[in-house]
Amino acid sequence: MNDDVRNIVLGVIATAVSGGFGWFTRTYLWRRALRRKQAFFGLPSGSDCLFVANRQMGGRESSVHRNDAFALLEISALIKDCGANVQIVTHDEARQGFGERAEFCVGGPTSNARTVAHLATMLPGVRVNVDAEAHADRGAIQVGGETYRWLKGEEDHVLLARLASAEGGRPVFLLSGQTAVSNQAAARYLARHHERLARKYGGDSFCLILKVVNSQAYGPDVTELVADVTRAARTPVAEAA
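First, a word on scope: everything that follows refers to the structure included in this document. (Residues numbered from 1 in each chain as written. Predicted model: local features only at pLDDT ≥ 70, side-chain atom pairs only at ≥ 80, totals over all residues. Heavy atoms only, no water.)

**Remarks on the overall build of the protein**
(1) Moving on: Summing up its helical and strand segments, the protein has 7 helices and 10 strands in all.
(2) Moving on: Per-residue burial for the protein yields a buried fraction of 43% across its 241 residues.
(3) Moving on: Once local pairs closer than 6 in sequence are excluded, the contacts in the protein between residues at least 24 apart make up 65%.
(4) Moving on: Only carbon and sulfur atoms are counted for the fraction: they give 52% of the accessible area of the protein, which is about 13,100 Å². (Helix = DSSP H or I, 4+ residues; strand = E, 2+ residues; numbered from the N terminus. Buried < 20%, exposed > 50% of the residue type's maximum accessible area, 1.4 Å probe, protein only. Contact = heavy atoms within 4.5 Å. Areas by Shrake-Rupley, 256 points an atom, 1.4 Å probe, with all protein chains shown as cover.)

Here it is as structure tokens:
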């Protein structure tokens, strides 16, 4: 074997080794990111999860607002990426406990009875004004001594929470917004920022208040983190007072 042939063979071997190492590294990093994502959402491969859909305000009992349907699509993409399966149920059909499988519950207490139960059981420090009459505090979210009001078309607030079971079961993700647009905004925020949330909170519970800015013009696209209210939301109002 002359020098030219030897150099060619060595070059081919070096390229193959380098390519194989690069493929192995990319695969390892992808699998590690997938495991972290599955752990955060409580969605190991092949597992089942629950999507609890709310009803459209002012519509038929079984109807769903278009933006809430979009929220389902945002979350379904996350579930598919984790290799899990989803069961969709309406809020009045979800008569079961939590922790056995991951759950995504969408809609405020005026449109989702399941949200009412989760707030009372796991976030006793949160109060939502559910009055039907129009006034300044209609739909307002109160937590930690602050009131987050709904200004139609200008400011929509939504509570985004990860609620971990005390027994180490699968988490509940609660997206309780003042409007259907804010529900979709919370789903989109969760999809875009789940890695940062996982780094910050790990497997613990958290409760955030998000604000959707000028939804009349921008829809769910412009969303800001207003406050982390985890401690206040998990403290009963009487104890806080």
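**Quick look at unusual backbone geometry**
(1) Moving on: Positive phi, close to 50 degrees, is recorded for Asn214, a residue that is not glycine.
(2) Moving on: Structurally, Asn214 is set in the loop between β9 (206-213) and α5 (215-218).

**A few points about the nonpolar core**
(1) Moving on: One finds Phe41, Leu43, Ile75, Phe104 and Leu175 to be the most contacted residues of the largest nonpolar core, which totals 29 residues.
(2) Moving on: For this core, the secondary structure elements donating two or more residues are α1 (3-41), β1 (48-53), α2 (66-81), β3 (102-106), β7 (155-163), β8 (172-177), α4 (180-201) and β9.
(3) Moving on: With residues near it in sequence (within four places) discarded, Phe104 still touches Phe41, Leu43, Cys49, Leu50, Phe51, Val52, Ile75, Ile79, Phe173 and Leu190.
(4) Moving on: Within the second largest apolar cluster, 21 residues are counted, among which are Val52, Cys207, Val229 and Ala233. (Core = buried A, V, L, I, M, F, W, Y, C linked by side-chain atoms within 4.5 Å.)

**Overview of the side chain of Gln178**
(1) Moving on: Counting through the fold element by element, Gln178 comes out in the loop between β8 and α4.
(2) Moving on: Polar side-chain contacts of Gln178 include one of 2.9 Å to the backbone oxygen of Tyr148.
(3) Moving on: Separated by 2.7 Å, the side chain of Gln178 and the backbone nitrogen of His157 make a polar contact.
(4) Moving on: Those residues in contact with Gln178 that lie beyond four places of it in its chain are Gly139, Ala140, Ile141, Tyr148, Arg149, Trp150, Glu155, Asp156 and His157. (Polar contact = N/O pair within 3.5 Å; in protein donor to acceptor, adjacent residues only side chain to side chain.)

**Here we look at the sheet that holds β9**
(1) Moving on: With mixed pairing, 7 strands are arranged side by side in an open sheet as β2-β1-β3-β8-β7-β9-β10. The sheet terminates laterally at β2 (85-90) and β10 (223-228), the two strands that pair on one side only. Neighbour-to-neighbour, the strand axes of this sheet turn through a mean angle of 20 degrees, independent of strand direction.
(2) Moving on: By the bridge criterion, 4 bridges tie β1 to β3 in an arrangement that is parallel. Looking at the pairing, Phe51 lines up with Phe104 of β3. (Pairing = 2+ DSSP bridges. Axes fitted to C-alpha atoms, helices over the stretch in contact; angles between N-to-C directions.)

**Considering the pattern of salt bridges**
(1) Moving on: All chains considered together, the criterion is met by 7 salt bridges.
(2) Moving on: One salt bridge connects Asp81 with Lys37, and the closest N-O pair in it is separated by 3.1 Å. Of this pair, Asp81 sits in helix α2 while Lys37 sits in helix α1, and the two are 44 residues apart along the sequence.
(3) Moving on: The partner of Glu103 in a salt bridge is Arg114, with the nearest N and O atoms 2.8 Å apart. Within this pair, whereas Glu103 is found in strand β3, its partner Arg114 is found in helix α3 (residues 113-122), the two being separated by 11 residues in sequence. Like Arg114, Glu103 is buried.
(4) Moving on: One network of salt bridges, with partners in common, ties together Glu74, Arg188 and Asp221. (Salt bridge = Lys/Arg side-chain N within 4 Å of Asp/Glu carboxyl O.)

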